[in-house]
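Listed here are the chains, written in short residue letters.
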Amino acid sequence: METYEKLLEEAYGRIKKVGGNLKRFEIPKVEGHFEGKKTIITNFSQIASIFRRNPEHLQKFLLKEIAASGQREGDRLVLNIKVSSAKINQKIEEYAQEFVICKECKKPDTELIREPHNRVTFIHCLACGAKHSVRSKI
Ligand SMILES: [Zn+2]
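Below you will find a few notes about this structure. (Residues numbered from 1 in each chain as written. Predicted model: local features only at pLDDT ≥ 70, side-chain atom pairs only at ≥ 80, totals over all residues. Heavy atoms only, no water.)

## Notes on the overall build of the chain
What the chain contains, in helices and strands, is four helices and seven strands. Listed N to C, the secondary structure of the chain is α-β-β-α-α-β-β-α-β-β-β in terms of helices and strands. Taking contacts inside the chain between residues at least 6 apart in sequence as the whole, the part at least 24 apart equals 47%. Accessible surface, the chain as shown: approximately 9,100 Å² in total, 52% of it carbon and sulfur. (Helix = DSSP H or I, 4+ residues; strand = E, 2+ residues; numbered from the N terminus. Contact = heavy atoms within 4.5 Å. Areas by Shrake-Rupley, 256 points an atom, 1.4 Å probe, with all protein chains shown as cover.)

The following block contains the structure:
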């Protein structure tokens, strides 16, 4: 038979878990398919807007990381080679860790600020105010 303390602990554990899930940012997963030798990411614009980033920035990062050429067609991104969704998702996650998620509070409510004079780019967190420099060139 379970003790009252144990029951309390379990209930508290559940509450904490729910709260934790609400706080944690879900990195979006790509949706897409192959067309011949091409990979079509159908929710590309959506991912960029969840990140609140310029789609061109995300596109440039992905193409370079995957070492593929590609172009946007409407809301879709077309890669000119076959790439597994697992690999693209991994790159999307790396992008999020580097250019979207605040290193201090782990929230995604950030903006990229480019300072043209010293060619430095910062992530500025709108939630906690932290500022971190990131790669300017990708
Ligand atoms: Zn923050």
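Read on, since the account is not over.
## A word on the pairing of strand S5 (residues 110-115)
The pairing of S5 with strand S6 (residues 120-125) spans six bridges and is antiparallel. Its bridge partner being in S6, Glu115 is matched across the sheet by Val120. In this structure, the hairpin formed by S5 and S6 is closed by a connection of four residues, where Arg119 is found at a positive phi of approximately 55°. (Pairing = 2+ DSSP bridges.)

## A closer look at the coordination of the zinc ion
The zinc ion binds to the protein through Cys102 (SG), Cys105 (SG), Cys125 (SG) and Cys128 (SG), with metal-donor distances spanning 2.3 Å. In this structure, the zinc ion is coordinated by four donor atoms arranged in tetrahedral fashion, with angles at the metal of 106 to 115°. Along the chain, the residues that donate to the zinc ion are spaced as C-x2-C-x19-C-x2-C. Here the residue Cys102 occupies a position in the loop between helix H4 (85-99) and S5, and Cys128 occupies one in the loop between S6 and strand S7 (131-134), the gap between them amounting to 26 residues. The exposure class of Cys102 is buried, given its relative accessible area of 1%. Taking the relative accessible area as the measure of exposure, Cys128 reaches 42% and is therefore partly exposed. (Donors = N, O, S within 2.8 Å, 3.2 Å for Na, K, Ca; no water. Tetrahedral: all angles 85-135°; square planar, octahedral: opposite > 155°, others 65-115°. Buried < 20%, exposed > 50% of the residue type's maximum accessible area, 1.4 Å probe, protein only.)

## Description of H4
With 15 residues, H4 should cover 21 Å at 1.5 Å per step; its first-to-last C-alpha distance of 20 Å lies within 8% of that length. Of the residues making up H4, those classed as buried are Ile88, Asn89, Lys91, Ile92, Tyr95, Ala96 and Phe99. Down the axis, H4 shows its buried residues gathered within 160° of arc, on one side only. (Expected span 1.5 Å × (residues − 1). Arc of directions from axis to C-beta.)

## Brief notes about unusual backbone geometry
Even without glycine at this site, Arg52 takes up a positive phi of about 55°. Summarising the element assignment, Arg52 is placed in the loop between helix H2 (44-51) and helix H3 (55-66). For Arg52, a relative accessible area of 48% gives the class partly exposed. The residue Ala67 is not glycine, and still its phi comes out positive at about 60°. Along the chain, Ala67 falls in the loop between H3 and strand S3 (70-73).

## Some thoughts on the sheet that holds strand S2 (residues 38-41)
Taking strand neighbours across the sheet as the criterion, the four strands line up as S1-S2-S4-S3 in an open arrangement whose pairing is antiparallel. Edge positions in the sheet fall to strand S1 (32-35) and S3, since each has one partner strand and no second. Looking at each pair of strands side by side, their axes are set apart by 20° on average, direction ignored. Of the pairings in the sheet, the one linking S1 to S2 comprises four bridges and is antiparallel in character. Opposite Gly32, over in S2, you have Ile41 as the bridge partner. (Axes fitted to C-alpha atoms, helices over the stretch in contact; angles between N-to-C directions.)

## Topic: the nonpolar core
If you look at the biggest cluster of nonpolar residues, it comprises 27 residues, and the most contacted ones within it are Phe51, Leu58, Leu62, Leu79, Ile88 and Ile92. Ignoring any residue separated from it by four or fewer positions in sequence, one finds Leu62 in contact with Phe44, Ala67, Leu77, Ile88, Lys91 and Ile92. (Core = buried A, V, L, I, M, F, W, Y, C linked by side-chain atoms within 4.5 Å.)

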